[in-house]
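# Report on the structure
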Amino acid sequence: MMHDPYAPRSKSSSKGRTNLASCIVATVFLLILAAGAVVAYFLLLKPKAPKIAVDAVQFPTFSASNGTVNFTFFQYVTVTNPNRDEFTHYDSSLQLVYFGQPVGLVFIPAGKIQGGRAQHMSAKFNVQSYPLPPAVAARVGDNQAAAAAGGGGGGSVGPMVAGPTMEIETRMKLEGRVRVLKVFTHRVDTGVRCGVVIEVTRGSVLGFHC
């Protein structure tokens, strides 16, 4: 039996091609939808690390004697949560470092910062009898001797000699999590390092940079 090329095509083959086209269109639509969701996530919902701004550093007490220093240190910061949802922080700390060696470490209590809000925080150190480098200790001794000699002769005070300086590094670290859409939890962390320059003889802060 010969095949007639002019015979009408079967309805089943036409229906199959229609179904295939529909599947392709649906797949392309789903891919576009998924790509849009990914873009929206990265632009709007992706958790961002909190921002830390160091407002001030203070040494309410500072003394140097016998080649060591004793001081109380305060650091005041403002932490801003740029996310829409709250940031819960834990395992956070502030460390003091001098010439690459740790001076002290204090842990920051856990807490929460609401989305889009800023929170003021502070940390305190008490450091006792921390040894100074020999060169710095020698200059401190010379300055103290010069000050004593200048103030002991008939009330006359000699010229103030510029004192030695030391630079302490502060390292603040915040770790925690941000909950997105009240469902997904993402871990985020941030930190800031600052150098604090101190005039050792008087314990005054000459400046700091972060």
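Residues numbered from 1 in each chain as written. Predicted model: local features only at pLDDT ≥ 70, side-chain atom pairs only at ≥ 80, totals over all residues. Heavy atoms only, no water.

Glancing now at the overall build of the protein. Across its full length, the protein holds two helices and nine strands. For the protein, the α and β elements follow one another from N to C terminus as α-β-β-β-β-β-β-α-β-β-β. Out of the 210 residues belonging to the protein, those deemed buried represent 31%. A fraction of 65% describes how many contacts in the protein between residues 6 or more apart in sequence connect residues 24 or more apart. Element-wise, carbon and sulfur atoms account for 60% of the exposed surface of the protein, whose accessible area totals about 13300 Å². (Helix = DSSP H or I, 4+ residues; strand = E, 2+ residues; numbered from the N terminus. Buried < 20%, exposed > 50% of the residue type's maximum accessible area, 1.4 Å probe, protein only. Contact = heavy atoms within 4.5 Å. Areas by Shrake-Rupley, 256 points an atom, 1.4 Å probe, with all protein chains shown as cover.)

Within this structure, the stated rule accounts for eight aromatic pairs. Centre to centre, the rings of Phe59 and Phe71 are 5.4 Å apart; their planes meet at 70°, and the pair counts as edge-to-face. Of this pair, Phe59 sits in strand 1 (residues 51–65) while Phe71 is found in strand 2 (residues 68–80), placing the two residues twelve residues apart along the sequence. Just as Phe59 is buried, Phe71 falls in that class too. Judged by centre distance (5.6 Å) and plane angle (15°), the rings of Phe62 and Phe71 are stacked. In this structure Phe71 comes out as buried when scored by relative accessible area, which is 2%. Members of the aromatic cluster, each reached through a chain of ring pairs, are Phe59, Phe62, Phe71, Phe73 and Phe125. (Phe/Tyr/Trp six-rings, centres within 6.5 Å; stacked < 30°, edge-to-face > 60°.)

The subject of this paragraph is the state of the cysteines. In the structure shown here, the tally under the stated rule is one disulfide. There is a disulfide in this structure between Cys194 and Cys210, and the S-S distance comes to 1.9 Å. In this structure the cystine formed by Cys194 and Cys210 twists about its S-S bond by roughly 100°; its chirality is therefore right-handed. Taken together, the residues Cys194 in strand 8 (residues 184–199) and Cys210 in the segment after strand 9 (204–209) connect sequence positions 16 residues apart. Since its relative accessible area comes to 3%, Cys194 is described here as buried. (Disulfide = S-S within 2.5 Å.)

Counting across every chain of the model gives six salt bridges. Of the charged contacts, one joins Arg202 and Glu199 as a salt bridge, the two residues approaching to 3.2 Å between their closest N and O atoms. Glu199 sits in the buried class, given a relative accessible area of 4%. Within this structure, Glu169, Arg171 and Arg193 form a network of salt bridges that share partners. (Salt bridge = Lys/Arg side-chain N within 4 Å of Asp/Glu carboxyl O.)

Averaged over the protein, the pLDDT score is 80; the fraction of residues at 70 or greater is 76%. In this model, residues 152–161 is a region of pLDDT below 50 whose contacts with residues beyond four sequence positions or in other chains number eight contacts. (pLDDT = per-residue confidence, 0-100.)

The nonpolar side chains of soluble globular proteins are, as a tendency, buried together. By size, the foremost hydrophobic cluster in this structure holds 37 residues, and its most contacted members are Phe62, Val69, Phe71, Phe73, Met166, Met172 and Val200. Sorting the residues of this core by element identifies strand 1, strand 2, strand 3 (87–98), strand 4 (101–108), strand 6 (118–131), helix 2 (134–150), strand 7 (165–180) and strand 8 as the ones contributing at least two each. No other element matches the six residues that strand 1 contributes to this core. Setting aside chain neighbours within four positions, we find Val200 in contact with Phe62, Ala64, Val69, Leu132, Val136, Val140, Pro164, Thr165 and Met166. (Core = buried A, V, L, I, M, F, W, Y, C linked by side-chain atoms within 4.5 Å.)

Glancing now at the pairing of strand 7. In terms of strand pairing, strand 3 meets strand 7 through nine bridges, oriented antiparallel. For His89, the partnering residue across the bridge sits in strand 7 and is Gly176. Pairing geometry for strand 7 and strand 8, over 16 bridges, is antiparallel. Residue pairing in the sheet places Arg177 in a bridge with Arg187 of strand 8. (Pairing = 2+ DSSP bridges.)

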